[in-house]
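So you can see what is in the structure, the chains are spelled out below.
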Amino acid sequence: MASPPAPNTPRLDQPPLVSLVLQSKKALQHGEALCSRARETSNASAQCAVDVLALDAKVKWLSDAVIEQLKLAASVAKSIELKRAQLDKQVREWDTIRSRRTSALDDILDSLGSQVVPPDFHQASSDSSLFGSQPSSRSPSPQPSPQPQHSPSATIRDLEMTNGKSRSKRVDRSRWKTLRDFADDKAIEEVLDELDLGRNRLDDVLTSTYDYPETLANAVESIRKALPDTEKAALPSVEGVLNAQEERSMNMARHLEGLAEHYDKMTEALHESEAGEDFSEEDIQDMNRDAEELPKIIQEIEEDIASVHDLYTQLVDAKSSSQVRLDEYKKILDDLDELGDIMAEMLGRQEEIEDETQEHLSALSERLGVIDQLHANYVQYQISFNKLLEETARRRRYVEAVGRIVEGLAKQLESMAQEEHSVRESFNTEHFDHLPADICLFIENPPTRWEIVPMSDNVREVLPEVEADLLMSARERLSGTEQTPLTPIGDSL
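Here the structure is a predicted model, which is why all the values come from computation and not from measurement.

> For the overall build of the protein, give the residues involved together with the corresponding values.
The number of helices and strands found in the protein is eight helices and two strands. Counting all 493 residues of the protein, 32% fall into the buried class. Within the protein, counting contacts between residues at least 6 apart in sequence, those at least 24 apart form 96% of the total. Accessible area of the protein: about 30900 Å², with a carbon and sulfur share of 51%.

> How would you summarise the environment of glutamate 359 if you had to cite specific residues and measurements?
Structurally, glutamate 359 can be placed in helix α6 (residues 281-431). Under the relative-accessibility criterion, glutamate 359 is labelled exposed at 56%. In sequence terms glutamate 359 and leucine 202 are 157 residues apart; their C-alpha atoms lie 9.4 Å from each other.

> Describe the nonpolar core, listing the residues and the values that go with them.
Counting 39 residues, the largest nonpolar core has Leu105, Tyr378 and Val466 as its most contacted members. Of all the secondary structure elements, the ones that give two or more residues to this core are α1 (17-113), β1 (116-117), α3 (185-207), α6 and α7 (468-479). The element that contributes the greatest number of residues to this core is α6, accounting for 13 residues. Residues Val59, Leu70, Leu336 and Leu339 belong to the second largest nonpolar core, which totals 20 residues.

> I'd love a proper account of the pattern of salt bridges, names of residues and values included.
If you walk through the whole model with that rule in mind, you get 21 salt bridges. Glutamate 352 is the partner of arginine 349 in a salt bridge, and the nearest nitrogen-oxygen pair spans 3.0 Å. With arginine 349 and glutamate 352 both in helix α6 and three residues apart, the pair spans about one turn of that helix. Classification of arginine 349 as partly exposed rests on a relative accessible area of 25%. Since its relative accessible area comes to 41%, glutamate 352 is described here as partly exposed. Residue arginine 449 pairs with glutamate 414 through a salt bridge whose shortest N-O separation is 2.7 Å. Of this pair, arginine 449 sits in the loop between α6 and α7 while glutamate 414 sits in helix α6, placing them 35 residues apart in sequence.

> Can you tell me about the packing of α1 against helix α4 (residues 212-226), naming the residues and giving the values?
Packed helices, taken two at a time, are described by their axes: the angle between them and the distance between them. Close contact between α1 and α4 brings their axes to 8 Å; oriented N to C, the two are set at 165°. Classified by the angle between their axes, α1 and α4 sit roughly antiparallel to one another. The interaxial crossing formed by α1 with α4 has left-handed handedness. Each of Leu70, Ala73, Ala74, Val76, Ala77, Ile80 and Glu81 in α1 lies in contact with α4, whose residues at this interface are Tyr212, Pro213, Leu216, Ala217, Val220, Ile223 and Arg224. Across the contact of α1 with α4, the residue classes break down as 12 nonpolar, no polar and two charged.

> Quick one: what's the story with a negative patch on the surface, residue by residue and with numbers?
Where like charges cluster on the molecular surface, the negative patch consists of Asp334, Asp337, Glu338, Asp341 and Glu345. Residue placement: aspartate 341 occurs in helix α6.

> Describe the environment of glutamate 414, with residues and values.
Note on glutamate 414: relative accessible area 26%, which makes it partly exposed. It is 7.7 Å that separates the C-alpha atoms of glutamate 414 and tryptophan 450, two residues lying 36 residues apart in sequence. Within the structure, the side chain of glutamate 414 is placed 2.7 Å from the side chain of arginine 449, a separation counted as a polar contact.

> Please give an account of unusual backbone geometry that cites residues and values.
A positive phi is found at cysteine 440, a non-glycine position, where the angle reads about 55°. Tracing the sequence through the fold places cysteine 440 in the loop between α6 and α7.

> Go over the environment of leucine 478 with me, naming the residues and quoting the values.
Within the secondary structure, leucine 478 is located in helix α7. The buried category is assigned to leucine 478, whose relative accessible area is 15%. Setting aside its immediate chain neighbours within four residues, leucine 478 contacts Ile383, Asn386, Lys387 and Glu390.

> Explain the side chain of arginine 98 to me, and be specific about the residues and the numbers.
Tracing the chain through its elements places arginine 98 in helix α1. Arginine 98 sits in the buried class, given a relative accessible area of 19%.

> I'd like to hear about α6, residue by residue, with values.
With 151 residues, α6 extends 215 Å from end C-alpha to end C-alpha; this agrees with the ideal 225 Å at 1.5 Å per step. Where α6 bends most, at leucine 294, the angle is about 25°, and the proline proline 295 comes one to four residues later.

> Go over α3 with me, naming the residues and quoting the values.
The terminal C-alpha atoms of α3, which comprises 23 residues, lie 33 Å apart, in line with the 33 Å expected from a rise of 1.5 Å per residue. Buried positions along α3 lie against α1 and α6.

Criteria and thresholds
- Residues numbered from 1 in each chain as written.
- Predicted model: local features only at pLDDT ≥ 70, side-chain atom pairs only at ≥ 80, totals over all residues.
- Heavy atoms only, no water.
- Helix = DSSP H or I, 4+ residues; strand = E, 2+ residues; numbered from the N terminus.
- Buried < 20%, exposed > 50% of the residue type's maximum accessible area, 1.4 Å probe, protein only.
- Contact = heavy atoms within 4.5 Å.
- Areas by Shrake-Rupley, 256 points an atom, 1.4 Å probe, with all protein chains shown as cover.
- Core = buried A, V, L, I, M, F, W, Y, C linked by side-chain atoms within 4.5 Å.
- Salt bridge = Lys/Arg side-chain N within 4 Å of Asp/Glu carboxyl O.
- Axes fitted to C-alpha atoms, helices over the stretch in contact; angles between N-to-C directions.
- Parallel < 35°, antiparallel > 145°, perpendicular 65-115°, else oblique.
- Left-handed = near helix turned anticlockwise from the far one by under 90°.
- Nonpolar A, V, L, I, M, F, W, Y, C, P; charged D, E, K, R; others polar.
- Patch = residues over 30% accessible without salt bridge, like charges linked within 9 Å, V, L, I, M, F, W, Y side chains within 5 Å.
- Lys, Arg positive; Asp, Glu negative; His and termini not counted.
- Charge placed at Lys NZ, Arg CZ, Asp CG, Glu CD.
- Polar contact = N/O pair within 3.5 Å; in protein donor to acceptor, adjacent residues only side chain to side chain.
- Expected span 1.5 Å × (residues − 1).
- Bend = angle between axes of the 7 residues up to and from the residue.

What follows is the structure, encoded as structure tokens:
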């Protein structure tokens, strides 16, 4: 402190200490208010930081949960797709077998259509099908009416005429019926129609879940696109914000401490001035200079509290952003819950589709068995007809052989009868007149004449002629009937 002036030295005007004290006090109070606000903001920041960290933890937990749910949904979609692929493979395998079976049936029907049937084989019978509409067992042949007696020569002539008539007649075969004409087309069409109907029903079953994988994949992709952008939603470092606030607060505390010291010094100077102490010009200049620094200090404190408030605002914004993300994830979880219900329904329906598909495939396989049976029946039908041609030719040879035997026997009997008649005539001429009239009356009887005719309970057999080329064709077909057996349906599916 400066020494008091000499008694004869005039006194300078004392600085307005009261004004300086009031100015210092006002600055101190303003600084204290700012620091108090900064302290409240820092406390709020601390609580907000806790909330931000808690919300961020919840967001991360929900984010992980959503990602896991999306992975599960994607795996479910893939699982349904694989199951669908397996069903489609089974159906394609069945379609392949069906194509092979129906092609085999078409082939045998085409083969039947290429083989003509001589008119003599069916014109004498009804026009009903020789195959599909025939009764399962043949009824006994009706008993023939007794045949009139014929002479041996008449019998031979009848045999030659009935069994040899076709030899002298050749007709245009283009109008002949084929084996195909005697097949039961209606029954074949009914079987094939039922097969098509069953296959269409299977398609209806399969198509009901065709869109499941795509629907789930689209739903998963839609939810993925709805996820918050993690890069744009990056939170500030809570620790960095709090440290920055702490640094600003400490700076404000230092400024406030300086304001308090200045106020104490000014108060003390005021007391000294009131006690009569005078201040040197240097002291007064120092006081004025210190007073002039007060606005600058207050400005720095205000800048610090503004920075503290800005940092607090960052935390508030981060909290708000985290809350928004949390709400978004909650909504996404609601969507995932709904998707989960849809997936459960899809999985249940897919299992039903698998069971229904197996039932339909089983039923369709049974229908393929009918196709196989038709194929086998028509193959055997053709074989039997070719055998019939051979058997007819064999029987005709038999009948012709019998005819030749009958002809020879008839001629032999006629010759024997004529010889016997000549011998008897010679005997009667030489001895008859010398015998009593009442002895051996039968001696005048001529020899018995014979004719060979069918037995009274039989009719004469009439067989059509099987021309050589038809018989040769039948034998060629029979030689190629060693076919590869069809694979059992159960072993293929």
